[in-house]
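The lines below spell out each chain.
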Amino acid sequence: VMGMVTTTHSSPDRIRHKPVTPGRHPETPGLPAQSPRSAATGIDRRDVLIAALFAMAVGIGCLLIARAMPSFLFQSMDFWFDDHYRTSVHPLFSLLTFVPVYLAKHALSISPLRAVLLVGSLIGGLWSGTLYMVFRLLGCRKWDAIVLTLLGLVSASALFWLPVPNSYSWGSLS
């Protein structure tokens, strides 16, 4: 073949393949393979446990913070009981929140305000557990997701809105 230069490294006869050891990545020899996940999403039992611990801790924290607030602050929050102005902004809010508050009020024989605070603290707990799970589903490592969730919990919006009865906590879950 005239004008063509052949080299030994481009010859198909000279290509050697290294055998791949089971449990090792072929691209990075020497690094162990990652352990397989139990689900296709990458969430395992420890993630569910961590999310549940976040939910419990934040739920209890929201109750304690709401309990420490002066009672006159809750007197202006009659939109939960009498005023339905917010239904023009959030039409499904009263439909979604009535049932859990009603059930908590009658099942535990507590005042309407305490039932609202209890349900609101449960929503705060769900918010924190959901935040952790979202970070894990986005591909964050466990410790990264924990740190980012803690960062979200010490943000001004979480500190000011999670313990207080409002529609913002419910909306952020959706």
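Everything that follows concerns the structure shown earlier in this document.
Predicted model only: the values in this text are computed from it and were never measured.

Asks: Hey, could you run me through the packing of aromatic side chains in this one?
Replies: Aromatic ring pairs are described here by two measures, namely the spacing of the ring centres and the angle between the planes. Under the defined criterion, the tally for this structure stands at 3 aromatic pairs. Judged by centre distance (4.8 Å) and plane angle (65 degrees), the ring pair of W161 and Y168 falls under edge-to-face. Judged by relative accessible area, which is 45%, Y168 ranks as partly exposed.

Asks: I tried to follow the environment of V134 on my own but got confused; where do I start?
Replies: Tracing the chain through its elements places V134 in helix α4 (residues 112-137). Taking the C-alpha atoms as reference, V134 lies 9.6 Å from T149; in sequence the two are 15 residues apart.

Asks: Can you walk me through the packing of helix α1 (residues 45-68) against helix α5 (residues 142-153) in this structure?
Replies: The relative placement of two packed helices is expressed as an angle between their axes plus a distance between the axes. Running from N to C, α1 and α5 point in directions that differ by 15 degrees, and their axes come no closer than 12 Å. In this view, α1 runs roughly parallel relative to α5, as classed from their interaxial angle. Considering the relative orientation of α1 and α5, their crossing is right-handed. Residues R46, D47, I50, F54 and V58 of α1 form the contact with α5, whose own contacting residues are K142, I146, T149, L150 and L153. Looking at the contact of α1 with α5 residue by residue, the classes come out as 6 nonpolar, 1 polar and 3 charged.

Asks: What am I meant to see in the nonpolar core here?
Replies: F54, W127, Y132, L153 and L162 are the most contacted members of the largest nonpolar core, which has 15 residues in total. Elements with a minimum of two residues in this core: α1, α4 and α5. When sequence neighbours within four positions are dropped, the list of residues in contact with F54 reads S128, G129, Y132, I146, T149, L150 and L153. Counting residues in hydrophobic clusters, the runner-up holds 8 residues, among them F93, A115, V116 and W170.

Thresholds applied
- Residues numbered from 1 in each chain as written.
- Predicted model: local features only at pLDDT ≥ 70, side-chain atom pairs only at ≥ 80, totals over all residues.
- Heavy atoms only, no water.
- Phe/Tyr/Trp six-rings, centres within 6.5 Å; stacked < 30°, edge-to-face > 60°.
- Buried < 20%, exposed > 50% of the residue type's maximum accessible area, 1.4 Å probe, protein only.
- Helix = DSSP H or I, 4+ residues; strand = E, 2+ residues; numbered from the N terminus.
- Axes fitted to C-alpha atoms, helices over the stretch in contact; angles between N-to-C directions.
- Parallel < 35°, antiparallel > 145°, perpendicular 65-115°, else oblique.
- Left-handed = near helix turned anticlockwise from the far one by under 90°.
- Contact = heavy atoms within 4.5 Å.
- Nonpolar A, V, L, I, M, F, W, Y, C, P; charged D, E, K, R; others polar.
- Core = buried A, V, L, I, M, F, W, Y, C linked by side-chain atoms within 4.5 Å.

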